[in-house]
Amino acid sequence: MNFTTKVDRALRLAQKDMFTSANGGRVGVSKLIILLTDGSQTPGGDAEDPERIADELRDDGVVILGVGIGSAVNETELSHITGGKKNAYTAATFDSLTDNEFIHKIKNGSCEIVSSVLQSTPTIATTQASSTDGHVSNPGVKPSSMLHLFWILRTV
């Protein structure tokens, strides 16, 4: 399979569109991105450094949590994108995302961060690796509690 991973495009999309007032973003409300990836940024062409985009997002007050899935994930890149290892998680397979052990690992490891971010209802952008045509999907949801956040992770 000849797939590419465009983490940079996913982060730019979230930066440009997901936190606008038209999409539910509000001034003074915490903003959270949960980035799910099964690879690392594909270099070349018009690719940007996803770590630089993530820095811009953090400068704007956005918290980024990352979940790397599978053996092709570059854990160092994921850690840099999320601003540190405490915000970066890995799962061996997509099926692992529904394991109680994995859910508890994320919940226990990030409860303090997520609790402060979810005091208000944020827009959460999830993205998938893109195909060779560079298409990135971005279903946005607005959970009302941490339970919904973890339900999203369980149903991926």
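As shown above, the structure is provided for reference.
Everything numeric here is computed off the predicted structure, so don't read it as measured data. (Residues numbered from 1 in each chain as written. Predicted model: local features only at pLDDT ≥ 70, side-chain atom pairs only at ≥ 80, totals over all residues. Heavy atoms only, no water.)

Caption draft 1: Focus on the overall build of the protein chain. Counting secondary structure elements, the protein chain contains five helices and five strands. Mapped from its N terminus to its C terminus, the protein chain presents α and β elements in the order α-β-α-β-α-β-α-β-β-α. In the protein chain, buried positions account for 43% of the 156 residues. In the protein chain, the proportion of contacts linking residues at least 24 apart, taken out of those at least 6 apart, comes to 68%. (Helix = DSSP H or I, 4+ residues; strand = E, 2+ residues; numbered from the N terminus. Buried < 20%, exposed > 50% of the residue type's maximum accessible area, 1.4 Å probe, protein only. Contact = heavy atoms within 4.5 Å.)

Caption draft 2: Region of interest: the packing of helix α1 (residues 7-18) against helix α2 (residues 50-59). At a minimum axis separation of 9 Å, α1 and α2 run at an interaxial angle of 20°. In terms of orientation, α1 and α2 fall into the roughly parallel class. As for how α1 packs across α2, the hand of that crossing is left-handed. In this structure, α1 uses V7, D8, L11, R12 and Q15 to contact α2, whose residues at the interface are P50, R52, I53, A54, E56 and L57. Of the residues that constitute the contact of α1 with α2, the class distribution is six nonpolar, one polar and four charged. (Axes fitted to C-alpha atoms, helices over the stretch in contact; angles between N-to-C directions. Parallel < 35°, antiparallel > 145°, perpendicular 65-115°, else oblique. Left-handed = near helix turned anticlockwise from the far one by under 90°. Nonpolar A, V, L, I, M, F, W, Y, C, P; charged D, E, K, R; others polar.)

Caption draft 3: Inspection of α2 at higher detail. All of the buried residues along α2 are P50, I53, A54 and L57. End-on, the buried residues of α2 take up no more than an arc of 100°, which puts them together on one face. Considering only its buried residues, α2 is in contact with α1, β1 (31-37), β2 (62-69) and α3 (75-82). Among the residues of α2, the N-terminal cap falls to D49, whose side-chain oxygen and the backbone nitrogen of E51 are separated by 2.9 Å. Backbone geometry just after α2 places G61 at a positive phi near 90°. (Arc of directions from axis to C-beta. Polar contact = N/O pair within 3.5 Å; in protein donor to acceptor, adjacent residues only side chain to side chain.)

Caption draft 4: Just the pairing of β2, in detail. Counting buried residues in β2 gives seven out of eight residues, a clear majority hidden from the surface. Of the pairings in the sheet, the one linking β1 to β2 comprises seven bridges and is parallel in character. Looking across to β2, one finds that L35 is bridged to G66. Read as a crossover between parallel neighbours, the route from β1 over α2 to β2 is right-handed. Note: β2 against strand β3 (residues 88-91), four bridges, orientation parallel. Bridge pairing in β3 links G66 to A88. What joins β2 to β3 is α3, and the crossover it makes is right-handed. (Pairing = 2+ DSSP bridges. Right-handed = clockwise from strand over helix to strand, strands pointing away.)

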